[in-house]
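One-letter residues, chain by chain:
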Amino acid sequence: VGYSSQKIIILNSSGNLINETSLGVEINSVAVDDINQSNPWDEIVVSTDNGSIVILDSQLNILKSYQLSSSRLLDISVGEVTSEYEGLEIVAGGSDNKVYVLSPIGGLIGKFSTENWVQATSIGDISEDPGNEIVVGTTMPSTYQLYVLNYEYFPTNLTVDIGNDG
């Protein structure tokens, strides 16, 4: 998948085309994982320039599409965020200064406001607290921020100031 492209292209290990499709909107980020943890193949999760998330199967059929925002969704991650839902959650962020957390079936679990555009999202276990944390980086040169969110304890969360500038 190319950055600022509308196409999803699947190639085999020899570089030969297996399948391709166009979403008709620019793709900003892609994650691949078995969201519903029931299919034999992983799903492809895409964030787009028009604020939507699109979930496709391995044959590039659209399974679901969600309009989260009217702003660009710049990054997307998939992983276990909360034990309340079966399957893996979807985390997205973008130019509307928000982090969105969706259940595996697309229901909005929550959203969190940041000071700037959300440039990067990641999911992992980085604390002694139970469960994984969502790590979010914002992008504005004078106020880079790193947010650490744990949805087992939401809304009590930690913000880290990179550069100690307030």
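Structure's up top.
The text that follows walks through the structure, step by step, so that each part is easy to find. (Residues numbered from 1 in each chain as written. Predicted model: local features only at pLDDT ≥ 70, side-chain atom pairs only at ≥ 80, totals over all residues. Heavy atoms only, no water.)

Points about the environment of Gly 24
Next, step 1: As for its position among the elements, Gly 24 is in strand E2 (residues 17–33).
Next, step 2: The spacing of Gly 24 and Gln 6 is 18 residues in sequence and 5.6 Å in space, taken between C-alpha atoms. (Helix = DSSP H or I, 4+ residues; strand = E, 2+ residues; numbered from the N terminus.)

Section: the packing of aromatic side chains
Next, step 1: Evaluation of the coordinates by the stated rule reveals one aromatic pair.
Next, step 2: Ring geometry for Phe 112 against Tyr 147: centres 5.6 Å apart, planes inclined by 70°, an arrangement best described as edge-to-face. Taken together, the residues Phe 112 in strand E9 (residues 108–113) and Tyr 147 in strand E12 (residues 145–149) connect sequence positions 35 residues apart. Each of the two residues, Phe 112 as well as Tyr 147, counts as buried. (Phe/Tyr/Trp six-rings, centres within 6.5 Å; stacked < 30°, edge-to-face > 60°. Buried < 20%, exposed > 50% of the residue type's maximum accessible area, 1.4 Å probe, protein only.)

With respect to the side chain of Asp 96
Next, step 1: Within the fold, Asp 96 resides in the loop between strand E7 (89–94) and strand E8 (98–102).
Next, step 2: Despite its burial, Asp 96 remains without a salt bridge, the nearest opposite charge being carried by Lys 98 at 5.4 Å.
Next, step 3: In terms of polar contacts, Asp 96 uses its side chain to reach the side chain of Ser 69, at 2.9 Å.
Next, step 4: The contacts of Asp 96, once residues within four sequence positions are left out, are Ser 69 and Ser 71. (Lys, Arg positive; Asp, Glu negative; His and termini not counted. Salt bridge = Lys/Arg side-chain N within 4 Å of Asp/Glu carboxyl O. Polar contact = N/O pair within 3.5 Å; in protein donor to acceptor, adjacent residues only side chain to side chain. Contact = heavy atoms within 4.5 Å.)

Topic: unusual backbone geometry
Next, step 1: Backbone geometry places Leu 60, a non-glycine residue, at a positive phi of 70°.
Next, step 2: For Leu 60, the location among the structural elements is in the loop between strand E4 (52–56) and strand E5 (62–67).
Next, step 3: The class of Leu 60 is buried, set by a relative accessible area of 7%.
Next, step 4: Phi at Asn 97 takes a positive value of approximately 65°, unusual for a residue other than glycine.
Next, step 5: Within the secondary structure, Asn 97 sits in the loop between E7 and E8.

Quick notes on the sheet that holds strand E1 (residues 5–11)
Next, step 1: With respect to topology, five strands assemble into an open sheet ordered E1-E2-E3-E4-E5, the strand pairing being antiparallel. Of all strands in the sheet, those bounded by a partner on one side alone are E1 and E5. Geometrically, the sheet is characterised by an average inter-axis angle of 30° between neighbouring strands, direction not taken into account.
Next, step 2: Summarising the sheet, strand E3 (residues 43–48) and E4 pair through four bridges and their orientation is antiparallel. Residue pairing in the sheet places Val 45 in a bridge with Ile 55 of E4. (Pairing = 2+ DSSP bridges. Axes fitted to C-alpha atoms, helices over the stretch in contact; angles between N-to-C directions.)

These values are about where atoms sit, not about what they do.
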